[in-house]
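# Survey of secondary and tertiary structure
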Amino acid sequence: MKRFASLLVVIALLAVPIVVTAQKTGRPGVLQLQSPQNPRLGFVIHGGAGVITRGSLTPEQEKEYRAKLEEAVLAGYKALKEGKSGLDAIEIAIRIMEDSPLFNAGKGAVFTADGKNELDASIMDGKSLNAGAVAGLHRVKNPITLARAVMEKSPHVMMIGEGAEKFAEEQKIELVDPKYFFTQRRWDSLQRIIKEEQDKAKKEGSASVTRELAENRFGTVGAVALDKDGNLASGTSTGGMTYKKYGRVGDVPVIGAGTYADNATCAVSATGWGEFFIRLTVARDIASLMEYRALPVQQAADTVIQQKLQKAGGDGGVIAIDKFGNIGISFNSEGMYRAYIDKEGKPVVEIYKQQ
Ligand code: ASP
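Heads up: these notes are all about the structure in this document. Computed from a prediction, not measured in an experiment: that's the story for all the values here.

## Some words on the pattern of salt bridges
When the charged atoms of two side chains with opposite charge come close together, those side chains can pair. Taken as a whole and assessed by the stated rule, the structure comprises 16 salt bridges. Here Glu82 and Lys84 are joined by a salt bridge, their closest N and O atoms 3.2 Å apart. Glu82 gets classed as partly exposed once you look at its relative accessible area, which sits at 47%. The salt bridge partner of Glu152 is Arg148, with a shortest N-O separation of 3.0 Å. Placement of both Glu152 and Arg148 in helix 4 (residues 143-153) is noted, with a separation of four residues, approximately one turn of the helix.

The following block contains the structure:
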């Protein structure tokens, strides 16, 4: 009896810290062990995946990409260190990349088949599962900011085209002349593809053209964050794919495909051949493998990208982060522009498969 009583005391003592630190995630049955002030901050960004092999960039270009990625990852991390939310950090970092002509988002977006820049973006809050998405924009300088406004200032999740731009105007979000998005480099890629398509169509029909388009993409941007309150968030912004047809919407603004965040599992931002990411619900699938099969974040990301996406014939990659700050990065393309903050709080920038 005495032994039983002391056993009960031991069990009770062991249980106290667990009960004290356990916080409800807001959904029934899901308990999260986490201190109210998270000692671990986490921040990861990407600048697109594609055929980026060593030697395909000049040393000057590589330097430019590395510098911009470092600037963006440090800006987001600084915000987190100052106590700002993951959503703030994501918006800050993505705006830097949207404003840079290096990436296929905002200024520097690729062109549609009819010579326009048509932008998509989304953002998600892992604490509330609120999300905001925008698609088919021609005049919004920073689509990520509009996506956030849709999430926070409208009752909706997704807004498109002219309606979304009208909402931007109401919200005093900066609009620009569509010419602002023009860059010679992206215009030249469009002309190259138009010519290749004409040549190929003469010879062999259209199937290989689709792959060609997928390979001429590069530069969607995204970020995932873990903030001081233990909240996860993710965001993604893109010009889509060169030579896409009018009105085509990719995975980026589709919640669960290109972007997903849930405090119970992880935050994910994707880049790649959007049609595959939509069909495979890539971002949500990674979270589901963590939720239902308890896979660690890296393994969950690898399962979806290296096995499922690969088998389906798609290409691209993801960045992900879990509620403990563990990072998952996976891509099946030649390279992916990416940067993260390591355990010592230092920025790490990577581009190729083998560093
Ligand atoms: N996922 C984007 C899209 O399909 C393109 C990319 O990430 O490169 O619109």
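## Focus on the site of the ligand
The environment of the ligand is made up of ten residues, and the closest members are Thr220, Arg248, Asp251, Thr271 and Gly272. Here Asp251 contributes a side-chain N or O atom positioned 2.7 Å from a nitrogen atom of the ligand. Burial of the ligand by the protein amounts to 100% of the accessible area it has alone, namely 270 Å². Its residues placed into classes, the shell around the ligand shows one nonpolar, six polar and three charged.

## Some thoughts on the pairing of strand 13 (residues 335-341)
By the criterion of burial, strand 13 is predominantly enclosed, with seven of the seven residues buried. Here strand 13 shows no split at all, with Gly335, Tyr337, Ala339 and Ile341 on one side and Met336, Arg338 and Tyr340 on the other all buried. Sheet topology note: the strand 3 (residues 42-50)/strand 13 ladder contains five bridges and is antiparallel. The residue bridging Ile45 from the neighbouring strand is Ala339, located in strand 13. In this sheet, strand 14 (residues 347-352) lies alongside strand 13 in antiparallel orientation, the contact comprising five bridges. Across the sheet, residue Gly335 finds its bridge partner in strand 14, namely Tyr352. Adjacent in sequence and paired antiparallel, strand 13 and strand 14 are bridged by five residues, among which Gly345 carries a positive phi angle near 85°.

## Considering the sheet that holds strand 11 (residues 316-322)
Judged by pairing direction, the sheet is antiparallel, and its four strands sit side by side in the order 9-10-11-12 without closing on themselves. Unpaired on one side and paired on the other, strand 9 (259-261) and strand 12 (327-331) mark the two borders of the sheet. Ignoring strand direction, the axes of neighbouring strands in this sheet form an average angle of 10°. For strand 10 (residues 266-272) and strand 11, the ladder comprises seven bridges, and the chain directions are antiparallel. Its bridge partner lying in strand 11, Val268 is registered against Ala320. Where helix 9 (residues 282-293) meets the sheet, its contacts fall on strand 9, strand 10 and strand 11, and the angle it forms with strand 10 comes to roughly 145°. Strands in contact with helix 10 (residues 297-312) are strand 10, strand 11 and strand 12; relative to strand 12, the strand with the most contacts, it is inclined by about 10°.

## Here we look at the sheet that holds strand 13
Sheet strands pair by backbone hydrogen bonding; their relative direction is either parallel or antiparallel. The eight strands are arranged 6-5-4-8-7-3-13-14 in an open sheet whose pairing can be described as mixed. In this open sheet, the two strands that pair with only one neighbour each are strand 6 (158-160) and strand 14. Ignoring strand direction, the axes of neighbouring strands in this sheet form an average angle of 10°. Direction of pairing for strand 3 relative to strand 7 (residues 221-226): antiparallel, over a ladder of five bridges. Note that in strand 7 the partner of Phe43 across the bridge is Ala225. The sheet contacts of helix 4 involve strand 4 (119-125), strand 5 (130-137), strand 6 and strand 8 (232-238), and relative to strand 5 the element is tilted by about 135°.

## A closer look at the packing of aromatic side chains
Across all of its chains, the model carries eight aromatic pairs by this definition. Consider the rings of Tyr65 and Tyr337, whose centres lie 4.2 Å apart with planes at 10°: the pair is stacked. Of this pair, Tyr65 sits in helix 2 (residues 59-81) while Tyr337 sits in strand 13; the two residues are 272 residues apart in sequence, bridging distant segments of the chain. Relative accessible area serves as the criterion here: at 4%, Tyr337 is assigned to the buried category. With centroids separated by 5.0 Å and ring planes inclined at 80°, the aromatic side chains of Phe111 and Trp187 adopt a geometry described as edge-to-face. Highlighted residues: Phe111 in the loop between helix 3 (86-98) and strand 4 and Trp187 in helix 6 (residues 184-204), separated in sequence by 76 residues. A relative accessible area of 3% places Phe111 in the buried class. Residue class for Trp187 comes out partly exposed when judged on its relative accessible area of 28%. The rings of Tyr65, Phe103 and Tyr337 are connected pair by pair, giving a single aromatic cluster. When the ring centre of Tyr180 is taken as reference, the NZ or CZ atom of Lys107 above it lies at 5.2 Å.

What counts as what
Residues numbered from 1 in each chain as written. Predicted model: local features only at pLDDT ≥ 70, side-chain atom pairs only at ≥ 80, totals over all residues. Heavy atoms only, no water. Salt bridge = Lys/Arg side-chain N within 4 Å of Asp/Glu carboxyl O. Buried < 20%, exposed > 50% of the residue type's maximum accessible area, 1.4 Å probe, protein only. Helix = DSSP H or I, 4+ residues; strand = E, 2+ residues; numbered from the N terminus. Near = heavy atom within 4 Å. Polar contact = N/O pair within 3.5 Å; in protein donor to acceptor, adjacent residues only side chain to side chain. Areas by Shrake-Rupley, 256 points an atom, 1.4 Å probe, with all protein chains shown as cover. Nonpolar A, V, L, I, M, F, W, Y, C, P; charged D, E, K, R; others polar. Pairing = 2+ DSSP bridges. Axes fitted to C-alpha atoms, helices over the stretch in contact; angles between N-to-C directions. Contact = heavy atoms within 4.5 Å. Phe/Tyr/Trp six-rings, centres within 6.5 Å; stacked < 30°, edge-to-face > 60°. Lys NZ or Arg CZ within 6 Å of the ring centre and 35° of its normal.

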